[in-house]
Amino acid sequence: MRSESQPGGALPDPPSPETPIAPAPASGDLDLVATIRDEILRDGPITFARFMQRALYEPGHGYYVAPEERPGRTGDFLTSPEAHWLFGRTIARQVSECWERLGRPRSFAVREYGAGSGALAAPMLAGIREESAGAFAATRYEPIEANAHRLAELRAALEQERLDDRLSPGDLRAAERPPEPQAGFTGVVLANEFVDAMPVHRVERREGRLVEVGVAWRDGRFVDEPMPPSTPELEAYLERAAVQLAEGQRTEINLGIRPWFAQLAEEMTRGWVFVIDYGLPAAELHSARRRQGTLKAIARQQVLADPYADVGRQDLTAHVDLTALELAARDAGFDAVGRTTQGRFLVALDLGSLLLEAQRRASSVNEALETRSAAMWLLDPRRTGGFAVSVFGRDVPLEPPLRGLADPTARATCRRRP
Ligand SMILES: C[S@@+](CC[C@H](N)C(=O)[O-])C[C@H]1O[C@@H](n2cnc3c(N)ncnc32)[C@H](O)[C@@H]1O
């Protein structure tokens with residue numbers, strides 16, 4: 001149950017002889033603040049990844065489990081699928097091609113991580129139905145979504161379009177639940193703005209050593225607390241990615257990517273994984289130009305300064321390390337098939353023709369203009385058009401390239417697993 005407390009309310013330290021009650025700036029879901037605070041008071045400072053896990057996903061309280069709209073036009077931020085159905089409709093072309101390239105399997109899974117309210121699924125499945133009756137008949141859509149409210153919306157969105165027969169019961173599950181025992185699947189995995197919402201560790205170089213930036217509770221609020229790295233994996237990752245942090249430089253490391261790919265490798269027999277997100281290769285992401293890292297708090301369409309404010313009521317996100325994605329995918333047995341930008345990907349899949357058709361069918365000049373401006377937003381390299389589309393394959397043909405990777409620059413990173 002969510003706290004009745006108002007945003008901006010304050011939670012004091014629990015009274016004790018050692019801890020005088022101080023004016024307390026901690027704010028947000030005060031029940032959530034209290035449980036995280038109590039963990040710290042009991043066990044000592046926690047990693048930022050632990051704080052982020054609880055702030056975003058604590059059952060009944062976390063930002064991503066609450067009923068409020070998160071991505072969306074009236075939500076805290078806008079994602080590509082929420083911006084316009086053209087996104088999902090264009091992705092349908094790529095998914096249909098994957099079905100063809102896999103030899104038209106009779107059972108074809110389309111698994112979407114962080115499926116949200118179905119803003120990608122509904123137009124994508126409708127698009128597959130339009131593109132190819134065979135692909136549509138074979139498709140089994142598997143949304144993986146932590147938020148039960150979003151899942152109810154997703155089901156309603158599919159029902160409205162008479163697409164819910166593509167959804168098998170039992171497919172509605174959260175990613176962290178152990179995988180249901182199932183035969184390996186053949187198909188496609190999609191993750192749009194999912195990886196950036198995974199908890200990250202924050203690290204910093206101080207006096208030549210790697211230090212983890214943990215979270216402590218002091219004077220009624222959460223504060224940064226330097227601590228020894230909680231796991232050798234942090235230093236090991238930086239070494240493997242050949243990243244040298246400058247003195248005083250802070251950055252984030254997402255250790256959740258490896259187990260995610262390892263689980264995918266266990267479950268996927270053949271197919272492609274498409275990760276669409278804002279991100280950069282390690283050399284750029286962790287370059288000394290970015291001294292404070294990329295961690296951001298977001299609410300009401302604004303980037304906010306304090307990751308510890310409004311706990312459970314603001315999003316926390318960090319850029320995706322594209323090198324970490326590639327290393328984890330290859331270690332798990334996937335080929336790195338290619339990487340491109342969202343804009344190039346959508347152009348290669350001929351979003352233009354779908355836009356023309358949508359404009360022709362628009363019922364008003366306003367609708368036509370809105371469609372056009374949403375399409376520009378999807379393509380613009382300064383907006384979501386600049387997001388990275390990273391594509392990985394397992395037991396799939398690398399040539400000819402997938403249609404979305406037609407741009408020659410898209411395959412510069414293509415690597416077969418050694
Ligand atoms: C930034 S939103 C993106 C939603 C959607 N993909 C879109 O682009 O509009 C991230 C979504 O991932 C879901 N999510 C995050 N971590 C998850 C996890 N471990 N398991 C399942 N869903 C998760 C959140 O609930 C949220 O709906």
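The rules behind each value
- Residues numbered from 1 in each chain as written.
- Predicted model: local features only at pLDDT ≥ 70, side-chain atom pairs only at ≥ 80, totals over all residues.
- Heavy atoms only, no water.
- Buried < 20%, exposed > 50% of the residue type's maximum accessible area, 1.4 Å probe, protein only.
- Helix = DSSP H or I, 4+ residues; strand = E, 2+ residues; numbered from the N terminus.
- Pairing = 2+ DSSP bridges.
- Axes fitted to C-alpha atoms, helices over the stretch in contact; angles between N-to-C directions.
- pLDDT = per-residue confidence, 0-100.
- Contact = heavy atoms within 4.5 Å.
- Parallel < 35°, antiparallel > 145°, perpendicular 65-115°, else oblique.
- Left-handed = near helix turned anticlockwise from the far one by under 90°.
- Nonpolar A, V, L, I, M, F, W, Y, C, P; charged D, E, K, R; others polar.
- Near = heavy atom within 4 Å.
- Polar contact = N/O pair within 3.5 Å; in protein donor to acceptor, adjacent residues only side chain to side chain.
- Areas by Shrake-Rupley, 256 points an atom, 1.4 Å probe, with all protein chains shown as cover.
- Core = buried A, V, L, I, M, F, W, Y, C linked by side-chain atoms within 4.5 Å.
- Salt bridge = Lys/Arg side-chain N within 4 Å of Asp/Glu carboxyl O.

Undergrad: How would you sum up helix 5 (residues 121–131)? Please name residues and give values.
TA: Of all 11 residues in helix 5, 8 are buried; the element is thus mostly enclosed. Residues Ala121, Ala122, Pro123, Met124, Leu125, Ala126, Gly127 and Ile128 constitute the buried set of helix 5.

Undergrad: Residue-level account of the sheet that holds strand 11 (residues 296–299), with values.
TA: Read across the open sheet, the 3 strands follow the order 12-11-13; overall the sheet is antiparallel. Strands with a single pairing partner mark the edges of an open sheet, and in this sheet they are strand 12 (302–304) and strand 13 (315–317). Neighbour to neighbour, the strand axes of the sheet diverge by 40° on average, direction disregarded. Two strands pair when backbone bridges link them, and strand 11 and strand 13 are joined in this way by 3 bridges, in the antiparallel orientation. Bridging from a neighbouring strand, Ala297 pairs with Leu316 of strand 13.

Undergrad: Outline the confidence of the model for the protein chain, supporting the account with residue identities and numerical values.
TA: On average, residues of the protein chain carry a pLDDT of 89, and 88% of them reach 70 or more. Low confidence marks residues 1–24, where pLDDT is under 50. Its contacts with residues over four positions away, or in another chain, come to 56 contacts. Overall, residues 171–179 carries pLDDT values under 50, and its contacts beyond four positions in sequence, including any with other chains, amount to 26 contacts.

Undergrad: Any details on the packing of helix 13 (residues 351–361) against helix 14 (residues 365–379)? Residues and values, ideally.
TA: Here helix 13 crosses helix 14 at 165°, and the two axes come no closer than 9 Å. Between helix 13 and helix 14, the crossing angle belongs to the class labelled roughly antiparallel. In the crossing of helix 13 with helix 14, the sense of the turn from one axis to the other is right-handed. Here Leu351, Leu355, Ala358 and Gln359 of helix 13 come into contact with helix 14, specifically with Ala368, Thr371, Arg372, Ala375, Met376, Leu378 and Leu379. Taken together, the residues of the contact of helix 13 with helix 14 break down into 8 nonpolar, 2 polar and 1 charged.

Undergrad: An account of the side chain of Ser96 is requested, with residue identities and associated values reported.
TA: Looking at the secondary structure, you find Ser96 in helix 4 (residues 85–101). The residues contacting Ser96, other than those within four sequence positions of it, are Ile128 and Glu131.

Undergrad: How would you sum up the site of the ligand? Please name residues and give values.
TA: Around the ligand, 16 residues are found, and the nearest of them are Thr79, Gly114, Glu145, Ala146 and Asn192. For the ligand, an oxygen atom lies 2.6 Å from a polar atom in the side chain of Thr79. The contact in question runs from a nitrogen atom of the ligand to an N or O atom on the backbone of Gly114, over 2.6 Å. Here the ligand has 590 Å² of accessible area as a free molecule, and 94% of this is covered by the chains. Residues of the shell around the ligand, tallied by class, amount to 8 nonpolar, 4 polar and 4 charged.

Undergrad: Any chance you could break down the nonpolar core for me, citing the residues and the numbers?
TA: Counting 48 residues, the largest nonpolar core has Ile91, Phe108, Met124, Tyr141, Leu158, Trp272 and Phe274 as its most contacted members. Residue contributions to this core peak at 7 residues, all from helix 4. Aside from chain neighbours lying at most four places away, what touches Leu158 is Ala121, Ala122, Leu125, Tyr141, Leu163, Asp164 and Leu167. Within the second largest apolar cluster, 40 residues are counted, among which are Val189, Ala191, Leu255 and Ala388.

Undergrad: How would you explain the environment of Arg155 if you had to name every residue and give the values?
TA: With respect to the helices and strands, the residue Arg155 is situated in helix 7 (residues 148–160). Taking C-alpha positions, Arg155 is 9.8 Å from Pro143, a pair spaced 12 residues apart along the chain.

Undergrad: Explain the pattern of salt bridges to me, using residue names and the numbers behind them.
TA: Side chains that differ in sign of charge can pair as their charged atoms come close. According to the stated counting rule, one finds 30 salt bridges in the structure shown. Close ionic contact of Arg89 with Glu130 constitutes a salt bridge, the shortest N to O distance being 3.1 Å. With a gap of 41 residues between them, Arg89 in helix 4 and Glu130 in helix 5 connect regions that are remote in the sequence. Glu130 sits in the exposed class, given a relative accessible area of 60%. For Glu142, the salt bridge identified is with Arg140, shortest N-O distance 2.6 Å.

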